[in-house]
Amino acid sequence: MAPSTVICIGMAGSGKTTFMQRLNSHLHSKKTPPYVINLDPAVLKVPFGANIDIRDSVKYKKVMEEYNLGPNGAIVTSLNLFATKIDQVIKLVEKRSDKVKNVIIDTPGQIECFIWSASGSIITEAFASTFPTVIAYIVDTPRNTSPTTFISNMLYACSILYKTKLPMIVVFNKTDVKKADFAKEWMQDFEVFQAALKEDQDLNGEEGTSSGYMSSLVNSMSLMLEEFYSQLDVVGVSAYTGEGFDEFLDAIDNKVEEYNEYYKAERDRILKKKEEDEKKRQAKSLDHLMKDLDIKDKKNKDSDVLSDYEDEEFDDENNGEVLRDEDEPEREYTFPEDRNSEINSKNDADLQARYQAAFEATAKDASSKTLETMAEYIRR
């Protein structure tokens, strides 16, 4: 059975790397050590043992110096360089697929550098096409107590879901500081979120007067996200204490089943459609090429000339027999004097005179070397 792959994505400061460390420790405690991959080239120290580390292949600071890039540009370029070898990474994971149950992947804290870059899409697609893949979106719970901040974070999660087209688990981290019950309630009950929205001082001000536009906007977004919430598994964890990680592993199993039932079938359909479209494109290109080279079926034409070589064999298109020297069709040759009949009767005298004059002038001016060349050409 293929191991499940968990791609951990989260805003900077959401505790994503600490979450990875705790998840790694938790799986080791259950005697099911995961295969760990680090895709953050800018991190100085990784608090967990990584089987594959992007820093072994790409030197972040050298990329900055060599390409004269800033921090985010260097991260994207490092991921681009690493993505060129993603096939080798997949092969390494496949070799261990019979020994590991989970593959966990840490991504850069600059979330847009991974999600919205071409390399991030290539890496995600490579894993999703080979293993059951789940997105774990890490949320900083204490920072999302405000309804406006919460709805903004959920919109970002929604965009990631539709960008990756993979099952998603929303992980509310740091529950040792702030419990995630309020967030779960907001996602399940629209009226509770509306009540919290009215009490939000950041939105309504200290005097409780709503700004109108912002209140209407947040209301509309919360209504839109109700359908999005129904597609998610929501888990509250603490990377510091280890609370909630058993629930998170159960959510992974649930999403793997969902992947196999829905997402894999959809991905197979898309890949099959791409393959069929590619075959049609190739057939169309070949048809255009045949037209350009005039290599179409000419069995209905009367002026077929098979070849200028007498010793070759050809397939008869009418009955599949092989034509040899003795039964080749009789050829018809066109000589210069035969072309005189093609001249229009109204101006044949004028054209004939000009043709004869040009021919005689050419014959007079031709050097002996030119005549020898022409004779040699005719003998061929």
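This text follows the structure it describes.
An account of the accompanying structure is given in this report. Sequence order as written defines the numbering, with residues in each chain counted from 1. At least 70 in pLDDT is required for a residue's local features to be given in this predicted model, at least 80 for side-chain atom pairs to be given and counted, and no such filter applies to totals for whole chains, interfaces and linings, which use all residues. Think of the side-chain values as coming from all heavy atoms in the structure, minus any hydrogens and water.

**Describing the overall build of the protein chain**
Stated formally: To qualify as a helix, a DSSP run of H or I must reach at least 4 residues; to qualify as a strand, a run of E must reach at least 2; elements of each kind are numbered from the N terminus. Here's how the labels work: a residue is buried when its accessible area is under 20% of the maximum for its type, exposed when over 50%, partly exposed in between, all with a 1.4 Å probe on protein chains only. For this analysis, residues touch if any pair of their heavy atoms sits within 4.5 Å. Note on areas: Shrake-Rupley with a 1.4 Å probe; residue coverage comes only from the protein chains shown.
Regarding its fold elements, the protein chain presents 15 helices and nine strands. The buried share of the protein chain, taken over its 380 residues, is 37%. Expressed as a percentage of contacts within the protein chain between residues at least 6 apart in sequence, the contacts between residues at least 24 apart total 70%. Total accessible area on the protein chain stands at roughly 23700 Å², and carbon and sulfur atoms take up 50% of it.

**As for the packing of helix H3 (residues 60-67) against helix H4 (residues 71-83)**
Inclusion rule: For helices, the fitted line uses only the C-alpha atoms of the stretch in contact; every axis is such a line through C-alpha atoms, and the angle between N-to-C directions lies from 0 to 180 degrees. These descriptions rest on fixed angle ranges, namely under 35 degrees for roughly parallel, over 145 for roughly antiparallel, 65 to 115 for roughly perpendicular, and the rest for oblique. Note on residue classes: Ala, Val, Leu, Ile, Met, Phe, Trp, Tyr, Cys and Pro are nonpolar, Asp, Glu, Lys and Arg are charged, and everything else, Gly too, is polar.
Their axes nearest at 9 Å, the elements H3 and H4 cross at an angle of 110 degrees. With respect to each other, H3 and H4 are oriented roughly perpendicular. Within the contact between the two elements, H3 uses Tyr60, Val63, Met64 and Tyr67 and H4 uses Pro71, Ala74, Ile75, Thr77, Ser78 and Leu81. Tallied by class, residues from the contact of H3 with H4 come to eight nonpolar, two polar and no charged.

**Some remarks on helix H8 (residues 147-164)**
Counted only if it meets this: Any helix carries an expected span of 1.5 Å times its number of residues minus one.
Across its 18 residues, H8 extends 26 Å between first and last C-alpha, which sits within 8% of the 26 Å expected from 1.5 Å per residue. All buried positions along H8 are accounted for by Pro147, Thr148, Phe150, Ile151, Asn153, Met154, Ala157, Cys158, Ile160, Leu161 and Thr164. In the stretch just after H8, Lys165 is the one whose phi turns positive, near 55 degrees.

**A word on unusual backbone geometry**
With glycine set apart, most residues show a phi of negative sign, and most peptide bonds adopt trans. The backbone of Lys165 shows a phi angle near 55 degrees, a positive value even though the residue is not glycine. Along the chain, Lys165 falls in the loop between H8 and strand S6 (168-173).

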